[in-house]
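# Residue-level structural notes
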Amino acid sequence: MLDLRMIRQNPETVREGLAKKGEDAGYLDELLTLDERRRSILTDVEKLKATRNQVSSEIARLKREKQDAQSLLKEMGVVSRQIKDFDEELRTVEREIQDQLLRIPNLPHESAPVGTSEDDNVEIRRWGEAPKFDFEPLPHWELGVNLDIVDFERAGKVTGSRFYFLKGAGARLERALINFMLDLHTGEHGYREIFPPFMANQASATGTGQLPKFGEDMFKLEGLDYYLVPTAEVPVTNLYRDEILGMEDLPIYHVAYSACFRSEAGSAGRDTRGMVRVHQFNKVELVKFVLPETSYDELEKLTNNAETVLQKLGLPYRVSEICTADLGFTAAKKYDPEVWMPSYGRYVEISSCSNFEDFQARRANIRFRRDKGSKPEFVHTLNGSGLAIGRTLAAIMENFQQEDGSILVPEVLRPYMGGVERVTPGL
RNA sequence: GGAGAGGUGACAGAGCGGCCGAAUGUGGCGGUCUCGAAAACCGUUGGGCGCGCAAGCGUCCCGUGGGUUCAAAUCCCACCCUCUCCGCCA
């Protein structure tokens, strides 16, 4: 959420920022009109309330002294009705303002490359070499089925499309990846592990920006105020909703494993095969709460933390700096580490590292206090996948496949696999 | 799911419909005392919004949202959460 006072003071800056995101900011005029209306009502009604408070204590005094207060009572009846009318209008106006504010995207950071579509994202670095195969490599959905470690067909029967079972060594690899990543981020990168609820309520989903605009992307439980989390970002960021943190608390680094549930509304027909785009996947997520002045350094570090996972696994990747048009609703700045996926013949997003500045903090009301006695300020929040497990597994299968259809297990995972070096049929 | 109790400031804990943004205690901060510390004593100690260059003024906030009233932490309604007992259960 943007600061209404900031919008009021710099409407042009806001307009320009939104334009860079490809957002038609025509609604700003209406918003500013509502804002003026609100402040005008506020002035009037508060004046009336001041009168009411004053006269009410006068009435109290008269009653105490057993004197007649009839005329004042009558007078206040009128004032009271006026207040009620104003308050009602005020409520309506404020609801409308809030509604609009919650639908305005974050402004891009000045360093984000300006662009009009994802084609304008900028590759800023590349690591590792795409493997050269002297045989015909298979896509992971064929490799997995051949080895009997992934089962899409039965998942279709048991649940539906865009789900899969992992079996045997496939299931174990998934678990190994989760543990490896959690151990790496807690052990070497200084994150504290969180195991969050996999459902969150409406206030939380609003805090991180999924609601009100993107409710269609989430699964909602029927008759309950619960959403299946689309990412651990939701529960973990909302850990500190409506709290004021102390300087000694910051920065906070959390790493959380969660299953992620996405309806993938509107993506029918895309990536229909394989494990790349599914309704449920596992992810290890990094979340940071930091001082505003440090958040861009923190973003670089966060991105590096995600890249370290890929490097340790030996997976070739590149990092894209996301352009203004592709930043999405909440981010001011974003880097996407993308893994090489042989079956796609291109790099595929496997993480997404964002600085939201105070956009989420303002929605979720997460603040900190610099010194005793100073005003609370909003923290900056960041997050990034570290990494998406399902896509990592797919990338491992494809990049490390052997001519005989087996898959080499990256060395760092072997301790988590009971020493297994290669996935072969029957494991 | 059934029965009951309760949600007040950083915490603990009072609070007759008007004198309550709220007693008191603890903690925090500043000070006195002390070589220093402890103790004791004194003072101080929330957030949002609006107006204002500022000092400041006003207003709202006692789980949340409505309502009654000239006036609500205090009365009414709905919802949420916590605790105890019973039932069920991984």
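Residues numbered from 1 in each chain as written. Chains lettered and ligands numbered in written order. Predicted model: local features only at pLDDT ≥ 70, side-chain atom pairs only at ≥ 80, totals over all residues. Heavy atoms only, no water.

## Structural notes on the domain arrangement of chain A
What counts, and what does not: Throughout, the edges of the domains are those of an automatic or database domain assignment.
Looking at chain A, the domain boundaries give domain 1 (4-101) and domain 2 (118-423). Each of domain 1 and domain 2 has a C-alpha centre, and the two are 43 Å apart.

## Concerning the protein's contact with RNA strand B
Spelled out, the test is: Any residue with a heavy atom lying within 4 Å of a molecule or strand is counted as near it. Polar contacts, as used here, are pairs of N or O atoms within 3.5 Å; protein pairs need one atom able to donate a hydrogen and one able to accept it. Residues neighboring in sequence count only if both atoms are side-chain atoms. Helix and strand labels come from DSSP, where a helix needs a run of H or I of at least four residues and a strand needs a run of E of at least two; each type is numbered from the N terminus.
In the vicinity of RNA strand B lie 25 residues, with Arg38, Glu46, Ser80, Lys84 and Arg369 positioned nearest. A share of 75% of the atoms of RNA strand B within 4 Å of the protein falls on sugar and phosphate groups. Side-chain polar atom of Lys375 to a phosphate oxygen of RNA strand B: 3.2 Å apart, as the coordinates give it. Elements that contribute at least two residues to the surface near RNA strand B include exactly helix 1 (4-9), helix 3 (27-64), helix 4 (70-101) and strand 14 (366-369). With 12 residues, helix 3 is the single largest residue contributor to the surface near RNA strand B.

## Regarding the packing of aromatic side chains
Let me state the cut-off plainly: Two rings from Phe, Tyr or Trp (for Trp, the six-membered ring) form a pair when their centres are within 6.5 Å of each other. A pair whose planes differ by under 30 degrees is stacked, one over 60 is edge-to-face, and the rest are tilted. Only protein chains enter the area calculation, which uses a 1.4 Å probe; residues under 20% of their type maximum are buried, those over 50% are exposed, and those in between are partly exposed. Throughout this description, the term charge over a ring refers to an Arg CZ or Lys NZ atom that lies within 6 Å of the ring centre and within 35 degrees of the ring normal.
In the structure shown here, the tally under the stated rule is 12 aromatic pairs. With 5.3 Å between their ring centres and 65° between their planes, Phe133 and Phe135 make a pair best called edge-to-face. Relative to Phe289, the ring of Tyr240 lies with its centre 5.0 Å away and its plane at 90°, an arrangement referred to as edge-to-face. A residue pair is termed long-range when its members are at least 10 positions apart, and Tyr240 in the loop between helix 9 (233-237) and strand 7 (243-246) and Phe289 in strand 9 (residues 280-290) qualify at 49 residues. Exposure class is identical for Tyr240 and Phe289. Each is buried. Members of the aromatic cluster, each reached through a chain of ring pairs, are Phe195, Phe198 and Tyr257. Between Lys220 and the ring centre of Tyr227, over which it is positioned, the NZ or CZ distance is 5.5 Å.

## What about the packing of helix 7 (residues 169-187) against helix 10 (residues 295-313)?
The condition that has to hold: Here the axes come from fitting lines to C-alpha atoms, over the contacting stretch only for helices, and the angles between their N-to-C directions go from 0 to 180 degrees. Orientation labels follow simple angle bins: below 35 degrees gives roughly parallel, above 145 gives roughly antiparallel, 65 to 115 gives roughly perpendicular, and whatever is left gives oblique. For any pair of crossing helices, the crossing counts as left-handed if the nearer helix is rotated counterclockwise from the farther one by less than a right angle, and right-handed if it is rotated clockwise. By definition in these notes, contact holds between two residues if any of their heavy atoms fall within 4.5 Å. Gly is put with the polar residues, along with every residue not named as nonpolar or charged; the nonpolar set is Ala, Val, Leu, Ile, Met, Phe, Trp, Tyr, Cys and Pro, and the charged set is Asp, Glu, Lys and Arg.
Helix 10 packs onto helix 7 with a crossing angle of 130° between their chain directions and a minimal axis gap of 11 Å. With respect to their mutual orientation, helix 7 and helix 10 come out oblique. Where helix 7 crosses over helix 10, the two elements pack in a sense that is right-handed. Counted together, Leu177, Phe180, Met181, Leu184 and His185 of helix 7 and Asn305, Thr308, Val309, Lys312 and Leu313 of helix 10 form the full contact between these two elements. Of the residues contributing to the contact of helix 7 with helix 10, the split by class is 6 nonpolar, 3 polar and 1 charged.

## Details of the pattern of salt bridges
Put simply, the test is: Salt bridge, as used here, is a side-chain nitrogen of Lys or Arg placed within 4 Å of a carboxyl oxygen of Asp or Glu.
As enumerated under the stated definition, the model contains 28 salt bridges in all. Its salt-bridge partner being Glu12, residue Arg15 comes within 3.3 Å of it at the nearest N-O pair. One end of the pair, Arg15, and the other, Glu12, are both in helix 2 (residues 11-20), 3 residues apart, so they sit about a helical turn from each other. Across the salt bridge formed by Arg362 and Asp358, the nearest N and O atoms sit 3.1 Å from each other. Taken together, the shared-partner salt bridges in this structure form one network comprising Glu123, Arg126, Arg318 and Glu338.

## Examining the packing of helix 3 against helix 4
Packing of helix 3 against helix 4 brings their axes to within 8 Å, and their N-to-C directions diverge by 150°. For the element pair helix 3 / helix 4, the angle class is roughly antiparallel. Judged by the twist between their axes, the crossing of helix 3 over helix 4 is left-handed.

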